[in-house]
Amino acid sequence: MEEPTVQFSDEDLMDNFPTMDDERIQLEDLDFDVERPSEEQEDDGDHSSVKKESAGAEKMRKTTTKDRVQAFHLRKSLNLLDKMHEEKDVFIQKTKGELRICRQRMDLLDKQQESLAAEIATEKEANNMAAVGRLQAASRRLQTELENEKDLQSKITAMLKDSENAMWHIEIQTGRFEGVRKHHEEEAEARQRNLKIHSAQQLQKEKEALEKSERNRLLRARKSLHTQKELGLRHQKLVEDAQRNHRIAVKFLKASLGRVREQEQKEEMELRKHTQRRMDAVLALKNNITASRETLKKFQAWGQNRAQQAKQKALTEKEVILAQGGDAFKYLFHQRRHQELEAEKRAFEEEQKLRKQEIVSRILKEEAEEEQRKRRQHPPSKHIDRWTLRDKTWKYISDFCEGKSALTSTHQQDSEQLVLLPKSSHVLKAISIDSVQMDLGSISTEDEVLAEPDIPGLWNKEAYQSHQEPKEDMDRKPVGGSKMEKDILARTLEHLRSGVVQKQVVSGREFKGRPFNSKPEVIHFKDFDIGKVYKKKITLINATYTINYCKLVGVEENLKDFIHIDFDPPGPMSAGMSCEVLVTFKPMINKDLEGNVSFLAQTGGFSVPLKCSTKKCSLSLDKELIEFGSYVVGETTSRIITLTNVGGLGTKFKFLLASEFFEMDESQSAVKISSLFTYEDKGLYEKIMSSLSEQQLEVNESSQLDLQSQKESEKQLDETEVTTAAVSAMTAVPSEEQAEITLGEVTEGEIGPFSSIKVPINFTPVIPGEVQTKFKVMFKDPQSPTLYFRATGTAIDVPVWVPKATVDLKICMYDRLYQDSITVHTRSKAALRLKFEVCKELRGHIELLPETGYIQAQSTYSVQLKFLPRQSLPEDARKYFDPASRVLEAPMTIRVADQIKPVRFTVQAIVTTSDLEINPSEINFGYCTIYEAIRTEICLTNLSLLPQEFGFVGLPKYVDIQPNDGFGTILPLETLQLDLIFQPIKAKEYKFELVCKSEINRCFKVSCQAVGVHPPLELSHYQIKFSATSLYDTSVSTLYVINSHLSMNKLIHSLPQIGSEEATPVGPTSFEFLLPPNSPITISPAVGTVLPGKRCLVQVAFQPVLPQEIIFEEASQILNKKIESKTVVSVFQKETVQKKEFWRTSMSTVRVHNRERPTRVSTPQAAEMQRPVIRASSTEFQTAQATLSKAFQGKFDRFVIPCVVASGDIKDRKTTESLNFSPHNTLYLELWCPAVAPFIVVTSHKGKTVFNFGDIAVGHRSVQKITLQNVSNEDLTLEFSVLNPNGPFVRLTPFNKLCSGETQTLVVSFSPHENILLQNESSLPIKFFMSLESLSKKKAETCQQLPKFLTSQEQRTEIVGTQNYNGQSVFSIVPVEGLMFSGKAQEFTVTFSPDHESLYFSDLLQVVLFEKKVSHEILLKGAAREHMMFVEGGDPLDVPVESLAVITAFDPEHKEEAEEIKPILVTLNYVQFDTDTTTSPATRELQVGCIRTTQPSPRKTVEFSLDGVSWLQHKGFSIEPSRGSVERGQTKTINISWVPPADFDPDHPLMVSTLLQLRGDVKETYKVIFVAHVVTGL
């Protein structure tokens, strides 16, 4: 018996109130202080309420901090006393109840003791000592319980007494503080009254302040109305003035627009004519290109044909030469070289002709250009002392006609021509001249290279001599010159080297990595000179854990002639120590070298990289773009560009234009160019030659035309700006306009190593506009690439300019004002007068303010641009406005005084509309009930190029627009889908308009109409959202169908009706839910009738399942795989049997194969014919269902279930009569059904969720292990259902948490037990008696008969089986007799106590009523083992009845030696009905168990193991499991299956044996004998 958590005694009270006396004194003083003012208030009762309030306030102010603390402690002590009093009272009541129960138990025990004493006396008289012993033991147990109850009673009584004493003390303390409590309550009431008075005063002050603020507000409102009236009059006057000015401006604008339209029509006609001319020129050019392509295709086909013929001819010649015994390769090579030389010669001649024609065409073109210049009255160009292009061209033609070769010309003439002629012609010249030189000079050398001997190295004397060994080397034969000796030497060296390298292990850590670190890490000799000596030191640092050694191995072979290493091995080096290595480098060749310096340490080898770099040039420019900015014509400025060389080698450089050509090395230029085009890019030469051949064809065709037609065609091409392929391939000749940006004085020179040179670039603008020139820097060093840079500048011819030539106003809307500021700059040193003009077409839309101004010297001037585009802009400014792209380009002019040329700039803007389009513009919602909403979509399109904010304003209460309640931003040219939701509030016809306003306050309307319906029924819920439901789980929700139509009075409630039609009469109303087919939804009831004022409960269930078709398909696939595997096994077995028959009968191999073929083909067909049908209860179906459930990804379904409504009762209608359901009164129920995969799946037992424990004997226990896996992405907290604590099922390994992806094993045990319970259902008390058959009077008669084990099994009818050797009954029952009252029940305890091992204990228990009638008979059976482990199963090998002879036990010392191996016989019959079909294997089971016993045992489990399992598998046996362990109170099944092996003879049964060993408290060995038969079909 335990007390509550808080127990109080006198000492506890003193501890809880350590300052009780002090507090009591303080409370008395407090009472005195409190009571004094109360007396004064009683004496002064006639005073007014104001004086009372002032006195109370003064009293509250006089309360000190100490008094408040005392009051707080007092309240806390009182609360604690109340709590203690309540808890102690509850504890006393509970203790009294326990004392009363204890006394009742004592009375019951006294009665039972008296009845046992009477029974003992009765049994003593009957001389039944066994019963007397049991009754005495029960009496002693009752006596012990009675004494325990008495002790408990005394304890409870003492505890109750202590609690009552503590209760008295608490009541005494409570009585002491009773006066203080009353005073505290009175003080609280007084404080509450003071607070109410204070709040009333505060409320009065607030009311006065509110009235004052209201007067001020009215005064301000009058002033604002007066101000608004004045502003309205002023605004009206301004509007009238603006309208009058507008009428005057419109009159002048119409006249101006007429003149503008006439001018635009003229310009449009000219533009059309110009466009037509351009189109004709383009079509003519297209036809020429098409003709040229066709000609080129013909030439390509002709070339391919010629190549094929040449190849065929070469093959024929090769065959002829080979037939004559000659060298075909050499002959064909010389022939090919000869053909190539001839082709090159012809190409050179054609090139000279083409050049001549090209030069003539250039001359003609130049004459035409000169005539054009004369027409345009251009000033004559400056005289140049050098030869003109025409003079040099005629000189070249005359030299060529006289027979002079281009190779005899001097370098000076060539350089002049290279500078003046175009770059492309110079490249062609280099190709033609140099390629011929190289070909002619390299014929002999190529013959020498390509003519190789039959044996490589035969003609090379040096190679032959290098392979010859000197006589000294030949004489000195190395030791171990044979192959075996060399192998021995190599293995010895490898062994020695492996002994040098050792692993370094310090403190259990093995060193891995580089043993020595080098500083620096790389030995690099930069910019070396040949013949000089360079030295560098490196430091090697020991990076290992302990002492290490270092040895120089050497350098690589390619560095031995140049590198010398000086290194003295320092001996043992501690960790962190260093040594130095001197590296000497003496270069002999000017070449980059790379390699490694190798070292060997005790822990392994390492190397230090070594590099030797020659001197190189590293050239760069500090900038690639030079921007001069804007300068006036005539000024000169300069910029500096720096050329830097960071390499160790100097070179010569030259700055020149990118279009110019210059050779840095005269002797090597021709060779470089020829080699470039001859070896690296032969394709470029072929392309150039083919393009020149096409040009030649075009020139030949055009040469027949006269000069006048050629000039007209060139003029037409210039106008259309179309150039041919030949003109595009040439680089234009540099003109004088590009000479505005020139190089300075320093253009060439030599740059040394690690130096830089600054080169000036000058800019002298001549013609206004933007100038751009490209330059390049060439170097003599062949490895240095050419560097390029460009310079840009702008020339301005007036001192006044606008920095932004184009003012971009971005995107603008009609009827909106846009402003910008334009800045004007001047370089003039005097003030200038400026006038800003707008073209007349745009003067109604664009305005520049001010129109006139003065700009000061060398300063800026700002002008305000105002742009207000009107709707008439496309008509007014057709010339400057493009309707397709909506782009406006308006030219603006700034006129400067005393200056003819004005300053122009352009105002650019994209003008767009601000319209919003709503589609559809009219919406009809139709019929809609007041309990639902209709949603429709409208499209809102932005026709503008700018985003606009919009919003639907002034919406009725029954209309909603989503998303964002109809407000948002729409992007340019975007279309938004908006949901328009209509939900009527009552039954009537609706007509309304929706207004959408944009951010610039434009309105767009949509007209809508609908009919509201009030149905006679309503649902409590119109939308049900089920929670996420797993597969094959059920979620249930409820709703009500309500009939609230009670009266036809419109004043009471709204009547159900459709629009403006008549109302529905009062009466019963029926409904019906129409479910979609094959849906996982169940509604109950789906049809019903609701009376007026009533409601009907409806349950909606959602159970997601997998479709049966998918499960059957998956199950069929699983079954097909099983059948295929079985078919393969059966085919293999059948082939084996046929081969065995073949060996016996000695038939031919051919006949056997012929007989096997039809059998193999028919076996799968027979298997398919006998394939079983899949059922829902089959294993394959359950496995497929578990697999698909685990792989389920989740699904969300939304169902809308219509509920039709009709007037009347469904019970009153006839069988064939249907109610009149109105489609307008239909209710709709929306269901959201999310289905998810089960969070937890069963992975064991092939996913089955039903487990069968099988037949388990009473008192035994069977265990099932269920593997659960969390297949979700979250950790789960598990809750298991509560099992019956007295039931047969027990959860052994519960777990509360299952992480994501984790697998846990749930162990459930089943231990059946049976309680014998006798219930008296009569109204009278019944006397009962329990009798055992083994103790009956008939036992003496049965003992005189023959022993049962001597009779046959059919004649055995005994009930009483084996009994104990000591003569006592093995079964006993308590109580034996007694009296059961009416309606009571009596439990009986049956005890099984064997004294030896046996499996056949049995007895019969009879329930005798009234000492005569046998009402129930219960068969009792039991088995006993000598040890804790046992094996069951197999065929019986003994009789079920034991002999009467007692087997004497062996001596314990020799018992283990005398133990024998116990046999177990297992017979397996393999039934085979047909040899063509597969048959299930023969199976048997053995049960290994462990008995739950209270006897002490060193081991808690039993281990078992079978020997020779692999040998049994060869015989066709499969045993699972072959070893394992069994816990106490459990059994484990050993499954044995057998399939006949391939070499099995059906005429001779198979008999094999193995040993089964059990290890528990002792070791037992069983010999399991397997006998296998094959039983054929009948």
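Up top is the structure.
My aim in this report is to walk through the structure given alongside it, one point at a time.

Parameters at a glance
Residues numbered from 1 in each chain as written. Predicted model: local features only at pLDDT ≥ 70, side-chain atom pairs only at ≥ 80, totals over all residues. Heavy atoms only, no water. Phe/Tyr/Trp six-rings, centres within 6.5 Å; stacked < 30°, edge-to-face > 60°. Helix = DSSP H or I, 4+ residues; strand = E, 2+ residues; numbered from the N terminus. Buried < 20%, exposed > 50% of the residue type's maximum accessible area, 1.4 Å probe, protein only. Axes fitted to C-alpha atoms, helices over the stretch in contact; angles between N-to-C directions. Parallel < 35°, antiparallel > 145°, perpendicular 65-115°, else oblique. Left-handed = near helix turned anticlockwise from the far one by under 90°. Nonpolar A, V, L, I, M, F, W, Y, C, P; charged D, E, K, R; others polar. Contact = heavy atoms within 4.5 Å. Core = buried A, V, L, I, M, F, W, Y, C linked by side-chain atoms within 4.5 Å. Salt bridge = Lys/Arg side-chain N within 4 Å of Asp/Glu carboxyl O. Patch = residues over 30% accessible without salt bridge, like charges linked within 9 Å, V, L, I, M, F, W, Y side chains within 5 Å. Areas by Shrake-Rupley, 256 points an atom, 1.4 Å probe, with all protein chains shown as cover. Lys, Arg positive; Asp, Glu negative; His and termini not counted. Charge placed at Lys NZ, Arg CZ, Asp CG, Glu CD.

1. Concerning the packing of aromatic side chains
Item 1. Across all of its chains, the model carries 27 aromatic pairs by this definition.
Item 2. For the pair Phe567 and Phe599, a centre-to-centre distance of 5.8 Å together with 80 degrees between the ring planes defines the contact as edge-to-face. With Phe567 in the loop between strand S7 (563-566) and strand S8 (578-585) and Phe599 in strand S9 (residues 593-601), this residue pair connects regions lying 32 residues apart in the sequence. In this pair, the class of Phe567 matches that of Phe599, namely buried.
Item 3. With a centroid separation of 5.6 Å and an interplanar angle of 15 degrees, the aromatic rings of Tyr931 and Tyr1022 are classed as stacked.

2. Focus on the packing of helix H4 (residues 65-126) against helix H5 (residues 129-176)
Item 1. Close contact between H4 and H5 brings their axes to 8 Å; oriented N to C, the two are set at 160 degrees. When the interaxial angle is binned, H4 and H5 end up roughly antiparallel. Handedness of the H4/H5 crossing: left-handed.
Item 2. Residue classes in the contact of H4 with H5 are distributed as 23 nonpolar, 12 polar and 15 charged.

3. A short note on the packing of H5 against helix H6 (residues 178-324)
Item 1. The contact between H5 and H6 brings their axes to 4 Å, and the two run at 45 degrees. By the angle class used here, H5 and H6 are oblique. Two secondary-structure elements touch here, H5 through Thr174, Gly175 and Arg176 and H6 through Glu178, Gly179 and Arg181.
Item 2. A per-class count over the contact of H5 with H6 returns no nonpolar, 3 polar and 3 charged.

4. Concerning the nonpolar core
Item 1. One finds Val1041, Phe1071, Phe1073, Val1100, Leu1229 and Leu1231 to be the most contacted residues of the largest nonpolar core, which totals 39 residues.
Item 2. Elements with a minimum of two residues in this core: strand S42 (1035-1042), strand S43 (1069-1073), strand S44 (1081-1084), strand S46 (1095-1102), helix H20 (1108-1145), helix H22 (1179-1190), strand S47 (1195-1207) and strand S48 (1227-1236).
Item 3. Phe1071 has contacts with Leu1017, Val1041, Pro1085, Ala1086, Val1087, Gly1088, Thr1089, Val1090, Cys1096, Val1098, Cys1203 and Val1204, leaving out every residue within four places of it along the chain.
Item 4. Judged by nonpolar contacts, the second largest core, of 37 residues, contains Val798, Cys812, Phe836 and Leu842.

5. Structural notes on the pattern of salt bridges
Item 1. With the rule as written, the count across this model stands at 26 salt bridges.
Item 2. One salt bridge in this structure joins Lys879 and Glu267, with 3.1 Å as the shortest N-O distance. Taken together, the residues span a long stretch of sequence, with Lys879 in the loop between helix H19 (873-876) and strand S27 (881-882) and Glu267 in helix H6 at a distance of 612 residues.
Item 3. Under the relative-accessibility criterion, Glu267 is labelled partly exposed at 28%.
Item 4. Across the pair Glu837 and Arg895 runs a salt bridge, and its minimum N-O distance is 3.0 Å. One end of the pair, Glu837, is in strand S23 (residues 832-838); the other, Arg895, is in strand S28 (residues 887-896), and 58 residues separate them in sequence.
Item 5. One connected set of salt bridges, linked through shared partners, spans Asp529, Lys532 and Lys615.

6. Describing a negative patch on the surface
Item 1. A cluster of acidic residues, Glu178, Glu185, Glu186 and Glu189, forms a negative patch at the surface.
Item 2. Within the secondary structure layout, Glu186 lies in helix H6.

By themselves these figures say nothing about function.
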